[in-house]
Every structure is written in structure tokens, then in C-alpha cells.
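# Summary of the model geometry
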Amino acid sequence: MTSILNTVSSIYASRVTSVDRVGALSLRNPDFVEFTRRRFVSPTLDFESSGRRFVVRAAETDTDKVKSQTPDKAPAGGSSINQLLGIKGAAQETNKWKIRLQLTKPVTWPPLVWGVVCGAAASGNFHWTPEDVAKSILCMMMSGPCLTGYTQTINDWYDRDIDAINEPYRPIPSGAISEQEVITQVWVLLLGGLGIAGILDVWAGHTTPTLFYLALGGSLLSYIYSAPPLKLKQNGWVGNFALGASYISLPWWAGQALFGTLTPDVVVLTLLYSIAGLGIAIVNDFKSVEGDRAMGLQSLPVAFGTEAAKWICVGAIDVTQLSVAGYLLASGKPYYALALLALIIPQIVFQFKYFLKDPVKYDVKYQASAQPFLVLGIFVTALASQH
């Protein structure tokens, strides 16, 4: 809890260290010098902390001879829909509320919302009554807009140096949203999510605040995933598994705890599915190879190379689902196992058609075409676990 409540102080402290990191980065990567000069050097821009004044100057370097390979403006013809969803190809926006929404990346909410649905289905106690529907919607708001929005915002904050290389036109590195506005958003989303969790515990009549503990644990995991000193995302295996567990296991547990009781076999099954989540998380690492390598982050595409990482990604997804299908078959649920196998086949087809061909160029097409079958497979598993 202390780590989470110190988020503000960590962010403030990082203001000065981020300047040092940018300076060091410019020495290691000459292509970054031009961006550094444009973004941080101005007649009025300096940093003050504890009476000490830090002024960033680039005049001592021959920056006029250096040109950035990354545009400092969003690509022409950006989509306003992409901007609202928080995905690449977004149009530049000046409306602060649209920028705030962009930081929460609404495109990442559906897996969490779906996880709550799967948990509710697995509980066997969800009924289509106004009360149960209201409970589930509130739980989805907690998991999606609030806590996933918190996770995405804080991740963008701690990734601002990497984004300055990969996507300098994103809201934080471009200066479209101020530091104080980011801090406020982090706290509002975090406290909102924790507050909803507490309300749901009372509503469900829990003697132990299970949902609050899950929300608190998930928020802590999100923090250490993005923030130093642990920064789990620096390690491709640990970071991606943590991300997979956050997107699959935690919302499932929340939905099941809201309407029923978590059982050990469900915990094991969902953690197994988190390996598939690891594969999903790797998909997003390919577009950030340049920045990850420059900042020393050992994502799997950086550590193993793009070609090997592609196969690790699809292997994690496919082998996990095949293992779950085998588990269902061994548990005496052959029809559910066959249904899951039927959903795996189109995923493999789209993996070869898009992802294995070019994971950067076709990442959006791949996720739009293949991942619906994955989430349907998770729902089939949820239905099987209630019988």
C-alpha cells in the first residue's frame, strides 16, 4: 500500500532524474539529440528542485547536423477514432478530456471487461436480475475504465523517455498534457477503482473484502510493472506474465468472487491462461524495439530478436490453449474441449496470415482477427468450470 500511496512523490522525484536520463540517452544515441534539443531547450524552460536549478542546454553539441529519424508530430491523416481508443495512427488532439481518455487506452478495456463476464459465468451464481446486472456493470467499470485506465496512465508516465524515441507525438512526451494533470488522473482512477471495489464487497455481503484486496493487489502489480526500482517490464518473461495475469486472472477472480467463491482449481486454470496473456503482451513489444533497446529494457524481441520472439509469442498462446483443452478433456468435458479446439484453428490461420508475416505492420489486423477467438475460448473454459 505504501508503494501505491507514494506514487505522487515518485513521479515528482522522477522529474529531475528524467532530465539526467535524457541527457545520457542523447550521448548514447545521436539520433535523439535533435529531439532533445527541440523538446527541452527553450529560453524559459529550466527545472528547479530544492533550491537547485537545472537548465538543459544543447548549444554545446552540433545538433544542427543531427536529424531525428522519428517525427515529432503525429503522422498526417491520423484517425480521431484511433485517438479516442489510444492506439497508433491517432490524430493530434488539443481537447484535454480527449487526451485524458487517450491516456487510459480504451482499446485495452475489453479483455478486462470480458474477464469479469467469464468470472461471473464460472461462479454459476449469476442471474439475469437487475441487481446482478448492476453489480457486474460496476465490477466492469472498476476493472476497465478505472484500474486499467490507471495502469495505462502510469505506464505512459514511466515510459515517457521511451515514447520520446518511438512516438514523441504521444500526449506526455509532446507536452499535450501537463505533469500535474497526469498526476491527478492517476490518483482519481486509482482511488475510484479501489472505492468501487469496497462498494462491491459491501453489496455482495463479504465479511472479508475480497474485491478490495484483489483491486489493491492488481494496482500494486501495475505500479511495480511500470515504476522503478522493480519495473517488472524490464524483464520480458516476468513483465509479460504479470501483464497477462492482470488481464486474464484478476478480472476473472473479481467476477467470480463477486457472485461466488474462488476455488483452487480455478486459480490454477486462470494462471495457466495467463501464459497465453504473456503471448498477447509480446505482440505490443515489437513496435517498441528501438526505444526498448535504447533504454535497456529486455523485452523478448530485444532479447531474442524479432524472428524468435514471433514464435515464442504464438507458441505461448497456442500451447496454453491446447493444454487447457487437454485439461478439459481429462476432466470429462469433451464437448467443451472440442469447442475450444475449434476456436484455436482460426487463431493459427491468422497468425500465419498476419502476425508471423510482419508483427509490426499487421499487429492491429492480427489482434482484431485472432484475439476474438481467444477470448471466446476463455469464455468456453469459464462455462466448463462451472459444471
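Everything quoted here is computed from the prediction, not taken from an experiment.

## Let's talk about the packing of helix α6 (residues 109-123) against helix α7 (residues 130-158)
Where α6 contacts α7, the two axes come as close as 9 Å, and the packing angle between them is 150°. Taken as axis vectors, α6 and α7 run roughly antiparallel relative to one another. Like other packed secondary-structure pairs, α6 and α7 cross with a definite hand, here right-handed. Facing α6, whose interface residues are W109, L112, V113, V116 and V117, α7 presents S136, C139, M140, S143, G144, P145, T148 and G149.

## A word on a positive patch on the surface
Together, K353, K357, K361 and K365 make up a positively charged patch on the protein surface. Take K365: it is sitting in helix α18 (residues 363-385).

## Description of helix α12 (residues 236-259)
Helix length check: α12 (24 residues) gives 34 Å between terminal C-alpha atoms against 34 Å at 1.5 Å per residue, within 8%. At S246, α12 shows its largest bend, some 35°. Burial analysis of α12 places 21 of its 24 residues in the buried class, which makes it a mostly covered element. The opening residue of α12 is N235, an N-cap whose side-chain oxygen sits 3.0 Å from the backbone nitrogen of W237.

## Some points on the UniProt feature "transmembrane region" (unreviewed entry) in the protein
When the UniProt feature table is mapped to this numbering, "transmembrane region" (unreviewed entry) covers residues 186-204, 210-225, 237-254, 266-287 and 335-356. Helix makes up 100% of residues 210-225 and strand makes up 0%, while its end C-alpha atoms are separated by 22 Å. Annotated as 82% helix and 0% strand, the span residues 266-287 places its first and last C-alpha atoms 34 Å apart.

## Focus: unusual backbone geometry
P229 follows P228 through a cis peptide bond whose omega is 10°. Position of P229 relative to the elements: it lies in the loop between α11 (210-226) and α12. The backbone of K105 shows a phi angle near 50°, a positive value even though the residue is not glycine. Inspection of the secondary structure assignment puts K105 in the loop between α5 (96-104) and α6. The exposure class of K105 is buried, given its relative accessible area of 14%. In this structure, K231 takes a positive phi of about 40° despite not being glycine. Along the chain, K231 falls in the loop between α11 and α12.

## Focus on a nonpolar patch on the surface
Nonpolar side chains collect at one region of the surface, where L322, Y335, L338 and L341 lie side by side and expose about 460 Å² of accessible area between them. Here the nonpolar patch gets three residues from one element, more than from any other, and that element is helix α17 (residues 334-355). Inspection of the secondary structure assignment puts L341 in helix α17.

## Overview of the pattern of salt bridges
Pairing between side chains of opposite charge can happen when their charged atoms approach one another. The full count for this structure, using the stated rule, is seven salt bridges. Here K105 makes a salt bridge to D156, at a shortest N to O gap of 2.9 Å. Of the two residues, K105 sits in the loop between α5 and α6 while D156 sits in helix α7, which places them 51 residues apart along the sequence. Under the relative-accessibility criterion, D156 is labelled buried at 3%. Note that R170 is salt-bridged to D163, the shortest N-O span being 3.8 Å. D163 matches R170 in its accessibility class, with the two residues each being buried. Sharing partners across several salt bridges, the network here consists of K105, D156, D163 and R170.

## Comments concerning the environment of Y150
Summarising the element assignment, Y150 is placed in helix α7. Its relative accessible area of 0% is what places Y150 among the buried residues. With 69 residues separating them in the primary sequence, Y150 and S219 have C-alpha atoms 8.1 Å apart.

## Side note on the packing of aromatic side chains
Counted under the stated rule, the structure contains twelve aromatic pairs. Each ring, one from W114 and one from F379, has its centre 5.2 Å from the other, and the planes form 55°; the classification is tilted. With W114 in helix α6 and F379 in helix α18, the pair connects residues that are 265 residues apart, well separated along the chain. The class of W114 is partly exposed, set by a relative accessible area of 26%. By relative accessible area, F379 is classed as partly exposed at 22%. Ring geometry for F350 versus Y354: centroids 6.2 Å apart, planes at 5°, classification stacked. A residue pair is termed a helical-turn pair when its members lie 3 or 4 positions apart in one helix, as F350 and Y354 do in helix α17 at four residues. Over the aromatic face of W97 sits the side chain of R100, whose NZ or CZ is 5.6 Å from the ring centroid. When the ring centre of W157 is taken as reference, the NZ or CZ atom of R160 above it lies at 4.0 Å.

## Re the nonpolar core
Among the nonpolar cores identified, the biggest contains 72 residues, and M142, W252, Y273 and F355 are the most heavily contacted of them. With sequence-adjacent residues up to four places away left out, W252 is seen in contact with G115, V116, C118, G119, A122, V266, T270, I378, T381, A382 and S385.

So, how was this worked out
Residues numbered from 1 in each chain as written. Predicted model: local features only at pLDDT ≥ 70, side-chain atom pairs only at ≥ 80, totals over all residues. Heavy atoms only, no water. Axes fitted to C-alpha atoms, helices over the stretch in contact; angles between N-to-C directions. Helix = DSSP H or I, 4+ residues; strand = E, 2+ residues; numbered from the N terminus. Parallel < 35°, antiparallel > 145°, perpendicular 65-115°, else oblique. Left-handed = near helix turned anticlockwise from the far one by under 90°. Contact = heavy atoms within 4.5 Å. Patch = residues over 30% accessible without salt bridge, like charges linked within 9 Å, V, L, I, M, F, W, Y side chains within 5 Å. Areas by Shrake-Rupley, 256 points an atom, 1.4 Å probe, with all protein chains shown as cover. Salt bridge = Lys/Arg side-chain N within 4 Å of Asp/Glu carboxyl O. Lys, Arg positive; Asp, Glu negative; His and termini not counted. Charge placed at Lys NZ, Arg CZ, Asp CG, Glu CD. Expected span 1.5 Å × (residues − 1). Bend = angle between axes of the 7 residues up to and from the residue. Buried < 20%, exposed > 50% of the residue type's maximum accessible area, 1.4 Å probe, protein only. Polar contact = N/O pair within 3.5 Å; in protein donor to acceptor, adjacent residues only side chain to side chain. UniProt positions renumbered as here; feature names shortened; annotations may be inferred. Phe/Tyr/Trp six-rings, centres within 6.5 Å; stacked < 30°, edge-to-face > 60°. Lys NZ or Arg CZ within 6 Å of the ring centre and 35° of its normal. Core = buried A, V, L, I, M, F, W, Y, C linked by side-chain atoms within 4.5 Å.

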